[in-house]
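Chain and residue survey
Listed below, chain by chain, are the residues.
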Amino acid sequence: MSQPITLTIEPLTQTAFAPYGDVIETEDRDSMPMNAGMAQRFHALADVDVIGEEGRGIISLVEAKLFEMPKTVTFVERHPLGSQAFIPMDDTPFLVVVAPPTDKVDLNQMKAFITNGRQGINYHRGTWHHVLLTPFAPMRFICVDRAGKGNNCEEFWFSEGEQPYLSQS
Ligand SMILES: NC(=O)N[C@@H](O)C(=O)O
Ligand code: NI
């Protein structure tokens, strides 16, 4: 059995995150005035993608507890019927661990990111990801994902010796 991989946590950028989803942020993004200039709209930062029977996009609020920094990634999940976005309501970083939306988890393309506190993410439909990971403080999020018929959550559990390590440096 090969040695488990180590995921070095890196700053989240749209470019680096592109194979997995979208970064929802205002910094360095185009915007347009609205309401006679009383507001700026950062338009269509991400698409809500839902498929399947009676699939519909929904907006939820999430109150996340402090989630102690794990040493390893024990499992990831994916949502085959819809995208999933988490947009922080607090100026606090959180961690995002992902693998591309391939049928089997591709360890060689797994990445771990830290947000800058002002970034949200939108997982593309089928992107493998660790559940919401908030190791710095309890946080509140807006969640945009799918409701409808069908199983929209599949898990993949790594075997003991295969669990990727998470490293902060
Ligand atoms: N279950 C749920 O709403 N959250 C997970 O999908 C997650 O990605 O945290
Ligand atoms: Ni999820």
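Residues numbered from 1 in each chain as written. Chains lettered and ligands numbered in written order. Predicted model: local features only at pLDDT ≥ 70, side-chain atom pairs only at ≥ 80, totals over all residues. Heavy atoms only, no water.

**Quick word on the sheet that holds strand β3 (residues 21–24)**
Note the cut-off: By definition, two strands form a pair when at least two bridges between them are found by DSSP. Put simply, DSSP marks the helices as runs of H or I at least four residues long and the strands as runs of E at least two long, and each gets a number from the N terminus on. Helix axes are fitted only over the stretch in contact, all axes being lines through C-alpha atoms; the angle between N-to-C directions runs from 0 to 180 degrees.
One open sheet accounts for 5 strands, arranged β3-β11-β8-β13-β6; its pairing is antiparallel. Since the sheet does not close on itself, it has two edges, and those belong to β3 and β6 (56–64), each with one partner. Going from strand to strand, the sheet's axes swing by 15° on average, the running direction of each strand aside. Here 4 bridges tie strand β8 (residues 84–88) to strand β13 (residues 139–147), and the two strands are oriented antiparallel to one another. Among the inter-strand pairings, F86 is bridged to a residue of β13, identified as C143.

**Overview of the packing of aromatic side chains**
In this description, a pair of aromatic rings is defined by centroid distance and the angle of the planes. Quick note on the threshold: By convention, a stacked pair of Phe, Tyr or Trp rings (six-membered ring in the case of Trp) has centres within 6.5 Å and planes under 30 degrees apart, an edge-to-face pair has planes over 60 apart, and any other such pair is tilted. Burial classes: relative accessible area under 20% of the type maximum marks a residue as buried, over 50% as exposed, and values in between as partly exposed (1.4 Å probe, protein chains only).
Applying the stated criterion across every chain yields a total of 9 aromatic pairs. When the ring of F75 is compared with that of W157, the centres are 4.3 Å apart and the planes differ by 15°; the resulting orientation is stacked. Here W157 lies in strand β14 (residues 154–157) and F75 lies in strand β7 (residues 75–78), a separation of 82 residues in the sequence. For W157, a relative accessible area of 51% translates into the label exposed. Each member of the aromatic cluster is reached from another via a ring pair, and the members are F86, F94, Y123 and F141.

**Considering the side chain of H79**
What counts here: Two N or O atoms form a polar contact when they lie within 3.5 Å of each other; inside protein one atom must be a possible hydrogen donor and the other a possible acceptor, and for residues adjacent in sequence the pair counts only when both atoms belong to side chains. Working rule for contacts: check all heavy atoms of both residues, and any pair within 4.5 Å makes them a contact.
Following the sequence through the fold, H79 ends up in the loop between β7 and β8. The exposure class of H79 is buried, given its relative accessible area of 8%. Within the local environment of H79, its side chain forms a polar contact with the side chain of H129, the two groups lying 3.2 Å apart. Within polar-contact distance, the side chain of H79 engages the backbone oxygen of N152 at 2.7 Å. Residues within four places of H79 in sequence aside, it is in contact with Q84, R125, G126, H129, N152 and C153.

**Side note on the site of ligand 1**
The criterion, for reference: Proximity criterion: a residue is near a molecule or strand once any of its heavy atoms comes within 4 Å of it. All accessibility values rest on the Shrake-Rupley procedure with a 1.4 Å probe; residue burial counts only the protein chains present in the view.
With respect to spatial proximity, the complete set of residues near ligand 1 consists of E77, H79, Q84, F86, H129, V131 and L132. Within the contact set of ligand 1, an oxygen atom lies 2.9 Å away from a side-chain nitrogen or oxygen of H79. H129 places a polar side-chain atom, nitrogen or oxygen, 3.1 Å from an oxygen atom of ligand 1. Relative to its unbound accessible surface of 270 Å², ligand 1 loses 65% to contact with the protein.

**Some remarks on the coordination of the nickel ion (ligand 2)**
When four donors bind a metal tetrahedrally, each ideal donor-metal-donor angle is 109.5 degrees, and when six bind octahedrally, the ideal angles are 90 or 180 degrees. Applicable threshold: Coordinating N, O and S atoms are those within 2.8 Å of the metal (3.2 Å for Na, K and Ca), and as water is not part of the atoms, a site may appear to have fewer donors than expected. Every geometry call rests on angle ranges, with four donors termed tetrahedral when all angles are between 85 and 135 degrees, four termed square planar and six termed octahedral when opposite donors are over 155 degrees apart and all others are between 65 and 115, and everything else termed irregular.
At this site the nickel ion (ligand 2) is bound by E77 (OE), H79 (NE2), Q84 (OE1) and H129 (NE2), with donor distances of 2.0 to 2.2 Å. With 6 donor atoms in place around the nickel ion (ligand 2) and angles of 71 to 172° between them, the coordination shape is octahedral. Mapped onto the sequence, the donors of the nickel ion (ligand 2) take the spacing E-x1-H-x4-Q-x44-H. Here the two residues H79 and Q84 agree in accessibility, since each one is buried.

**A few points about the confidence of the model for the protein**
Worth spelling out the cut-off: Per-residue confidence from the predictor is reported as pLDDT, a score between 0 and 100.
Of the residues in the protein, 99% have a pLDDT of 70 or more, and the chain-wide mean is 97. Of all the helices and strands in the protein, strand β15 (residues 165–167) carries the lowest mean pLDDT, 97, while β8 carries the highest, 99.

**Observations regarding the environment of T92**
With respect to the helices, strands and loops of the structure, T92 is situated in the loop between β8 and β9 (95–99). Among the residues examined, T92 registers a relative accessible area of 15% and is labelled buried. Residues T92 and E53 lie 39 residues apart in sequence; the distance between their C-alpha atoms is 36 Å. Setting aside residues up to four positions removed in sequence, T92 forms contacts with T115, G117, F136, A137 and M139.

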